[in-house]
Protein chains: 2
Amino acid sequence: MIELARVEFRVHWAERAPERFLGRALNAWLYGEVARCDQRAADELHDAPGPRPFSAALVGEHDDLRLVLAGGPRVAPFLSDVADRTVRSGRILLDGHWLLVEGVAEAKTDTFADLLRRHLMRADRATPVRVDFLTPTAFHSRGRTMPLPIPDLVFGSLLERWRAFGGHDLGEAAFDVVRDCAAIRRVRIRSLSVRMEGRFTAFIGSAEFTLVNPPPIYNGLLGALAAFAEYAGVGQKTAMGFGCVRAAPLRPTRPADRQEPPDQEG
Amino acid sequence: MIELARVEFRVHWAERAPERFLGRALNAWLYGEVARCDQRAADELHDAPGPRPFSAALVGEHDDLRLVLAGGPRVAPFLSDVADRTVRSGRILLDGHWLLVEGVAEAKTDTFADLLRRHLMRADRATPVRVDFLTPTAFHSRGRTMPLPIPDLVFGSLLERWRAFGGHDLGEAAFDVVRDCAAIRRVRIRSLSVRMEGRFTAFIGSAEFTLVNPPPIYNGLLGALAAFAEYAGVGQKTAMGFGCVRAAPLRPTRPADRQEPPDQEG
């Protein structure tokens with residue numbers, strides 16, 4: 001069974017690129033497409049509580065604009081049909097603008113078991129990961145929007161989504177590992193103010209994360225979650241254009257890269 | 001009495017700029033200078049627990065390099081003498097490199113009472129602030145280095161330092177306000193890897209912070225703390241070149257800028 005799927009379309013605007021953020025239009029279009037496959041599945045999708053089990057986003061700009069559709073078990077089985085129909089029709093109407101679809105640039109599928117096999121079971125050292133936040137990303141934290149890639153929020157929210165999507169049980173200890181061991185190695189981000197029922201501060205950019213002294217069984221946890229993030233999206237409003245990422249494990253940390261213990265101030 | 005002081009010197013390297021991070025050398029030089037004013041004060045300064053009550057940093061580069069010295073009540077009274085002597089001598093030896101001192105670019109002093117009068121007592125609306133992190137900045141959080149300007153860490157650490165420096169009591173509620181109301185409006189940062197007894201990930205860049213619905217008496221809290229930050233520095237290792245900032249209040253938030261409540265995902 002297809003549990004996780006992601007399709008990237010090469011697209012361009014028929015006329016000038018619209019200025020408005022089109023997350024909501026994209027969301028409505030994708031619900032419509034799923035409904036054409038299976039009205040009941042679309043209704044259930046719409047009414048289910050919790051984070052949306054899919055990601056729909058416009059990434060890049062001008063000559064390198066892409067439409068990304070991705071999702072977990074409740075959406076992935078429909079994406080192949082949606083992709084076929086979208087390529088055949090050749091265009092999508094979003095908020096009064098035609099988006100022309102040139103073709104599929106990339107399509108991939110996965111299962112939770114394969115993510116575990118590839119990332120968690122093979123890691124004999126803590127595996128750092130790189131996450132490129134391609135569209136505005138934000139987390140909801142203590143009543144406010146947090147437009148920063150705080151490791152707890154990035155990977156904690158992915159763990160919750162992994163569970164909500166029906167992924168293999170990673171254990172409550174996985175949350176402890178993220179909270180106690182996840183750290184930032186590198187980061188470069190900037191915020192954007194997105195208009196969407198009021199202004200919404202979010203960030204784009206990239207970051208590298210690693211685990212500092214995790215229990216060895218979780219060495220590959222960030223690698224598995226980063227691979228999952230390409231299907232699930234990260235943070236708030238993934239179904240409305242937010243939190244679309246590219247993510248990949250990096251080579252394991254050499255001992256010399258270890259984070260030093262914080263020393264006394266002089 | 002001078003409680004808070006900051007001096008910026010125009011400086012340049014006699015030869016090629018050294019590649020090494022000179023935080024430790026700068027720290028040793030400043031202790032020596034304070035000792036020439038008052039050996040006992042220097043000893044007490046060195047032996048006191050907690051965050052160092054001063055900031056010493058090299059900011060900028062090439063034609064616009066500056067040496068910044070700043071501090072609270074235990075250091076501020078000596079800075080005027082240190083500045084005179086430094087300008088007269090015209091040079092500082094740091095880790096085997098001569099730093100030539102061209103003159104004082106800016107000097108200012110303040111008292112905690114004045115910060116409260118200017119920022120906290122006059123604010124009838126929540127005052128946002130802009131903080132430019134001029135040198136590598138990092139926080140120590142739950143056993144790891146956090147190279148992100150998380151509002152809790154930025155302003156929580158300033159509140160602790162305000163108290164450690166002997167500033168007027170802002171009340172325990174000030175910590176609650178930071179935790180519950182401080183938010184990011186804008187941010188642009190990138191990390192640096194600083195070699196200093198191992199590698200140390202820190203960030204530079206800038207951010208705007210605001211308070212969302214604070215108790216009105218604390219409307220100006222971020223403004224007062226931002227002004228204080230120019231004297232105290234922000235985060236870890238301020239005495240060794242880290243966490244030197246420029247910070248200023250911005251115009252109060254217009255109602256239209258208010259952060260919207262997080263809405264349902266679609």
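Conventions we followed
- Residues numbered from 1 in each chain as written.
- Chains lettered and ligands numbered in written order.
- Predicted model: local features only at pLDDT ≥ 70, side-chain atom pairs only at ≥ 80, totals over all residues.
- Heavy atoms only, no water.
- Buried < 20%, exposed > 50% of the residue type's maximum accessible area, 1.4 Å probe, protein only.
- Helix = DSSP H or I, 4+ residues; strand = E, 2+ residues; numbered from the N terminus.
- Pairing = 2+ DSSP bridges.
- Domains from an automatic or database assignment.
- Contact = heavy atoms within 4.5 Å.
- Buried area = accessible area lost by both parts, 1.4 Å probe.
- Salt bridge = Lys/Arg side-chain N within 4 Å of Asp/Glu carboxyl O.
- Polar contact = N/O pair within 3.5 Å; in protein donor to acceptor, adjacent residues only side chain to side chain.
- Core = buried A, V, L, I, M, F, W, Y, C linked by side-chain atoms within 4.5 Å.
- Axes fitted to C-alpha atoms, helices over the stretch in contact; angles between N-to-C directions.
- Phe/Tyr/Trp six-rings, centres within 6.5 Å; stacked < 30°, edge-to-face > 60°.
- Lys NZ or Arg CZ within 6 Å of the ring centre and 35° of its normal.
- Parallel < 35°, antiparallel > 145°, perpendicular 65-115°, else oblique.
- Left-handed = near helix turned anticlockwise from the far one by under 90°.

(A) The arrangement of the pairing of strand S1 (residues 4-13) of chain B in detail. Residue and element names in this part refer to chain B. Within S1, eight of the ten residues are buried, which leaves it mostly tucked inside the rest of the structure. Sheet analysis places S1 next to strand S5 (residues 97-110), joined by ten bridges and oriented antiparallel. If you follow Glu-8 over to S5, its bridge partner there is Glu-106. For S1 and strand S3 (residues 65-71), the ladder comprises seven bridges, and the chain directions are antiparallel. Residue pairing for S3: Phe-9 is matched across the bridge by Leu-67.

(B) Summary view of the domain arrangement of chain A. All names here are of chain A. Splitting chain A by domain gives domain 1 (4-110) and domain 2 (112-255). Put simply, the middle of domain 1 and the middle of domain 2, counted by C-alpha atoms, are 22 Å apart. On the domain 2 side, the residues contacting the 26 residues of domain 1 number 26 residues. Around 2200 Å² of area is buried between domain 1 and domain 2 when both sides are counted, 58% of it from carbon and sulfur atoms. The interface formed by domain 1 and domain 2 contains four salt bridges. Taking the shortest distance from any N to any O, the salt bridge between Asp-110 and Arg-118 comes out at 2.9 Å. Our count for the domain 1 to domain 2 interface comes out at twelve residue pairs in polar contact (both at pLDDT 80 or more). Those elements that provide at least two residues to the side of domain 1 that touches domain 2 are strand S1 (4-13), helix H1 (23-37), strand S2 (54-59), strand S3 (65-71) and strand S5 (97-110). With six residues, S2 is the largest single contributor of residues to the side of domain 1 that touches domain 2.

(C) Quick peek at the nonpolar core. Core analysis: the biggest nonpolar cluster contains 92 residues, and Phe-209 and Leu-221 of chain A together with Phe-209 and Leu-221 of chain B have the highest contact counts within it. Sequence-distant contacts of Phe-209 of chain A, that is, excluding residues within four places in its chain, are made with Pro-128, Val-129, Val-131, Phe-133, Pro-149, Pro-151, Val-154, Phe-155, Ala-183, Ile-184, Arg-185 and Leu-222 of chain A.

(D) Region of interest: the sheet that holds strand S2 (residues 54-59) of chain B. All names here are of chain B. The five strands are arranged S2-S3-S1-S5-S4 in an open sheet whose pairing can be described as antiparallel. Bordering the open sheet on either side are S2 and strand S4 (91-94), each of which pairs with just one other strand. Each strand of the sheet is rotated relative to its neighbour by a mean of 30 degrees, with strand direction disregarded. Examined bridge by bridge, S2 and S3 share six bridges and lie antiparallel to one another. Its bridge partner being in S3, Ala-57 is matched across the sheet by Val-68. Lying over the sheet, helix H3 (residues 76-89) contacts S1, S3, S4 and S5, oriented at roughly 20 degrees with respect to S1.

(E) Structural context of the side chain of Glu-230 of chain B. Residues and elements named next belong to chain B. Structurally, the position occupied by Glu-230 is in helix H7 (residues 221-232). Residue class for Glu-230 comes out buried when judged on its relative accessible area of 5%. Excluding residues within four positions of it along the chain, Glu-230 makes contact with Arg-6, Ala-70, Lys-108, Val-245, Arg-246 and Ala-247.

(F) Just the packing of aromatic side chains, in detail. Here the structure, examined in full by the defined rule, presents 20 aromatic pairs over all chains. Taken together, a centroid distance of 4.8 Å and an interplanar angle of 65 degrees make the contact between Phe-133 of chain A and Phe-203 of chain A edge-to-face. Remark: Phe-203 of chain A occurs in strand S10 (residues 199-211) and Phe-133 of chain A occurs in strand S6 (residues 129-137); sequence separation between them is 70 residues. A residue is classified by how much of its surface remains accessible, and Phe-133 of chain A, at 3% relative accessible area, is buried. Ring centres of Phe-21 of chain B and Phe-242 of chain B lie 5.4 Å apart, and the angle between their planes is 85 degrees; on these two criteria the pair is classed as edge-to-face. Residue Phe-21 of chain B is found in the loop between S1 and helix H1 (23-37), and its partner Phe-242 of chain B is found in the loop between H7 and strand S11 (245-249); the two are separated by 221 residues along the sequence. By way of ring pairs, the aromatic residues Phe-112, Trp-162, Phe-165 and Phe-228 of chain A are connected into one cluster. Over the aromatic face of Trp-98 of chain A sits the side chain of Arg-91 of chain A, whose NZ or CZ is 3.8 Å from the ring centroid.

(G) Main features of the interface of chain B and chain A. Taken together, the contacts link 48 residues of chain B with 50 residues of chain A. With both chains or domains summed, chain B and chain A bury close to 3900 Å², and 47% of this area falls on carbon and sulfur atoms. Taken together, the connections running from chain B to chain A amount to two salt bridges. Two residues, Asp-152 of chain A and Arg-142 of chain B, come together in a salt bridge whose shortest N-O distance is 2.2 Å. Across the contact surface, chain B and chain A share 13 residue pairs in polar contact (both at pLDDT 80 or more). Among the elements of the structure, H1, strand S8 (144-146), helix H5 (151-164), helix H6 (173-181), strand S9 (182-195) and strand S10 (199-211) of chain B are those that each provide at least two residues to the side of chain B that touches chain A.

(H) Structural context of the packing of helix H4 (residues 112-120) of chain B against H7 of chain B. All names here are of chain B. It is at 8 Å that the axes of H4 and H7 come closest, and there the two elements cross at 140 degrees. Judged by the inter-axis angle, H4 sits oblique to H7. The element H4 and its partner H7 pack so that their crossing is right-handed. Here Phe-112, Leu-115, His-119 and Leu-120 of H4 come into contact with H7, specifically with Leu-221, Gly-223, Ala-224, Ala-227 and Phe-228.

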